[in-house]
Amino acid sequence: MRILALSLALLAAPAWSQSPRSGLEFQGEDIRRLQGDDFANPAMLWAERGAAAWQRKQGAANTSCADCHGAVEQSMRGVAARLPAWDARLGRVSTLEGRITACITREQRAAEPAPESHDLVGLLAYVALPSRGMPLRVDVAGPAQASFERGRELYAKRIGQMNLACTHCHDRQAGKTLLAEKISQGQPTAWPAYRMEWQAAGTLERRLRACFLGVRAEMPNYRDDDLVALQLYLAWRAQGLPLEAPGVRR
Ligand code: HEC
Ligand code: HEC
């Protein structure tokens, strides 16, 4: 009953169009302060972890990321701002996480890291750092187009017991408060991010799964093609907004 009332309240308001705004603007002063100061930002602990993982030799090939890619500041500059993208090596669209796990399994010949493992989230944070402040700009044409269209469709599709789509909350209700949380436009720019509720840094996929759970829908598996498609659509929708990763969220 409570769920139904909530869904109806969310559907009642009219749609309006907004220019893209970072989720940071919808956070409280405390969170903004943490993200604004790298010494206070708890996500930087993960980036440090990532820096160590970047140098560590592992797998049957006994190589490190640095052996092939050199310094992250040069080799990874701009990369996180233009992903997800079509990946010729994998023959599908992949995220930054998809590219990193492909390097771990195919290049280092090590075991695939578990979703949300600290080293993996650390590598995501560390690799994203040299692209901080760069505007998101993804290529959704050519071979990436099918995934993009799928992501767009999923974004508008009603799901779960609450029968709501992403757009109902993040386009129509941005700025409104839902169960003590201010709804943002659902932009992906902060991720990976430290989330207070998790007491840990996590990926955008973990955040998106929380939204599925929030509307009582079945959660897609980590690394599922649908989750990748949604992330491609979100990156396109956020075009021009600067990358903030690794960020901080409530
Ligand atoms: C019932 C409302 C609701 C629905 C439906 C919903 N979300 Fe969310 N979402 C939230 C809330 C609340 C938050 C946390 C506050 C915020 O940052 O907006 C959030 C956070 C996010 C964030 C993180 C934003 C940031 O700045 O950190 C993204 C990205 C996101 N949602 C995407 C989606 C996508 C994609 C879907 C559809 C699969 C979806 N959401 C469905 C309510 C919703
Ligand atoms: C044996 C060499 C090798 C190792 C070791 C290696 N990579 Fe790679 N990496 C590559 C190659 C080759 C590509 C480009 C593949 C392609 O063209 O699609 C690549 C691509 C990438 C990309 C995508 C870059 C882009 O421009 O889209 C990222 C991110 C990445 N690697 C991160 C890592 C990380 C993190 C590690 C360590 C965990 C690592 N790599 C280990 C060879 C390596």
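Reference entry: report on the structure contained in this document. These figures come from a predicted structure and were not determined experimentally.

Analysis parameters
Residues numbered from 1 in each chain as written. Chains lettered and ligands numbered in written order. Predicted model: local features only at pLDDT ≥ 70, side-chain atom pairs only at ≥ 80, totals over all residues. Heavy atoms only, no water. Donors = N, O, S within 2.8 Å, 3.2 Å for Na, K, Ca; no water. Tetrahedral: all angles 85-135°; square planar, octahedral: opposite > 155°, others 65-115°. Helix = DSSP H or I, 4+ residues; strand = E, 2+ residues; numbered from the N terminus. Near = heavy atom within 4 Å. Polar contact = N/O pair within 3.5 Å; in protein donor to acceptor, adjacent residues only side chain to side chain. Nonpolar A, V, L, I, M, F, W, Y, C, P; charged D, E, K, R; others polar.

### Considering the coordination of the iron atom of ligand 2
Phase 1: The coordination sphere of the iron atom of ligand 2, as far as protein atoms go, consists of H69 (NE2) and C103 (SG), spread over 2.0 to 2.2 Å.
Phase 2: Angles of 88 to 179 degrees at the metal separate the six donor atoms of the iron atom of ligand 2, which places the site in the octahedral class. Here the residue H69 occupies a position in helix α4 (residues 65-69), and C103 occupies one in helix α6 (residues 96-107), the gap between them amounting to 34 residues.

### Concerning the site of ligand 1
Phase 1: Taken together, 22 residues sit near ligand 1, with C166, C169, H170, S184 and C211 positioned nearest.
Phase 2: At 2.7 Å from a nitrogen atom of ligand 1 is found a side-chain nitrogen or oxygen belonging to H170.
Phase 3: Separating an oxygen atom of ligand 1 from a backbone N or O atom of S184 is a distance of 2.7 Å.
Phase 4: Only α9 (166-170), β4 (181-182) and α10 (204-214) provide two or more residues apiece to the shell around ligand 1.
Phase 5: If you tally residues by element for the shell around ligand 1, the top one is α10, at five residues.
Phase 6: Grouping the amino acids of the shell around ligand 1 by side-chain chemistry returns 13 nonpolar, five polar and four charged.

### Section: the site of ligand 2
Phase 1: The full set close to ligand 2 counts 18 residues, and C65, C68, H69, R82 and C103 are the nearest of them.
Phase 2: H69 places a polar side-chain atom, nitrogen or oxygen, 2.8 Å from a nitrogen atom of ligand 2.
Phase 3: The contact in question runs from an oxygen atom of ligand 2 to an N or O atom on the side chain of R99, over 3.1 Å.
Phase 4: Going through the elements one at a time, α4 and α6 are the ones with two or more residues in the shell around ligand 2.
Phase 5: In terms of residue count, α6 provides more of the shell around ligand 2 than any other element does, six residues in total.
Phase 6: Classifying every residue of the shell around ligand 2 by side-chain character gives 10 nonpolar, four polar and four charged.

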